[in-house]
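Chain by chain, the residues run as shown.
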Amino acid sequence: MADYHQVVVADAAAAPDFAVAWDAAALDARMALGKGWMVVATERDMPVPVRVTLYERDPEGIDDLVDHAVLGHLLTHGDVVIAGLNDYWPTATHLTVPAGWLWARWLSIGLSSLSADGLEGDDRYEMQFWPATSEGGAQPMILKNRAPD
């Protein structure tokens, strides 16, 4: 569930402070970063399809169908939660990942397919993880920016 157009991706032991998450740079990137957590933006405020893939190394390249791509980083102890803002973390989706720093690339696809009221569409999202050798930057890096409507 993308509560308030947001999905949380976090180390299961993290204590996110979402009150400080969305500054101007994060809004433009569609990703807010914190210690052991990130929040990513969706177009719809409802359940949305999200595919998560763990790679051994950077999968390189962004498909032409991708509307928006952003790269961030995540420090994890090996258990990552993917949830809506109002989901109960113990029962939310948990993934086993390598402990340490991970690169995290959020892809937004099919954004132009949404109906005028934003309730129907074929938008979908992908989170790609791969190991990082150290901490990334403090701000997310936009790899492909969605064209304005």
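Conventions used here
Residues numbered from 1 in each chain as written. Predicted model: local features only at pLDDT ≥ 70, side-chain atom pairs only at ≥ 80, totals over all residues. Heavy atoms only, no water. Core = buried A, V, L, I, M, F, W, Y, C linked by side-chain atoms within 4.5 Å. Buried < 20%, exposed > 50% of the residue type's maximum accessible area, 1.4 Å probe, protein only. Helix = DSSP H or I, 4+ residues; strand = E, 2+ residues; numbered from the N terminus. Contact = heavy atoms within 4.5 Å. pLDDT = per-residue confidence, 0-100. Salt bridge = Lys/Arg side-chain N within 4 Å of Asp/Glu carboxyl O.

1. Some details on the nonpolar core
Stage number 1. Among the nonpolar cores identified, the biggest contains 21 residues, and Val9, Met38, Met127 and Phe129 are the most heavily contacted of them.
Stage number 2. Contributions of two or more residues to this core are made by β1 (6-11), β2 (31-34), β3 (37-41), β5 (66-76), β6 (79-84), β8 (100-109) and β9 (124-131).
Stage number 3. When sequence neighbours within four positions are dropped, the list of residues in contact with Val9 reads Trp37, Met38, Leu74, Val80, Val81, Ile82, Met127 and Phe129.
Stage number 4. Among the nonpolar cores identified, the runner-up in size contains 12 residues, and Val8, Ala26, Ala32 and Ala92 belong to it.

2. Overview of the confidence of the model for the protein
Stage number 1. Per-residue confidence for the protein gives a mean pLDDT of 89, with 97% of residues at or over 70.
Stage number 2. For the protein, the element scoring lowest by mean pLDDT is helix α1 (residues 24-29), at 89; β9 scores highest, at 96.

3. Comments concerning the pattern of salt bridges
Stage number 1. By the definition in use, this model includes six salt bridges.
Stage number 2. Here Arg30 ties to Glu43 by a salt bridge, and the two come within 2.9 Å at their closest N and O atoms. Here Arg30 is found in the loop between α1 and β2, whereas its partner Glu43 is found in the loop between β3 and β4 (50-54), with 13 residues between them in sequence.
Stage number 3. Arg30 sits in the buried class, given a relative accessible area of 12%.
Stage number 4. Two residues, Arg51 and Glu126, come together in a salt bridge whose shortest N-O distance is 3.2 Å. Linking Arg51 in strand β4 with Glu126 in strand β9, this pair joins segments that are 75 residues apart in sequence.
Stage number 5. Taking relative accessible area as the criterion, Arg51 reaches 47% and is therefore assigned partly exposed.
Stage number 6. Because the salt bridges share partners, they merge into one network encompassing Arg51, Arg124 and Glu126.

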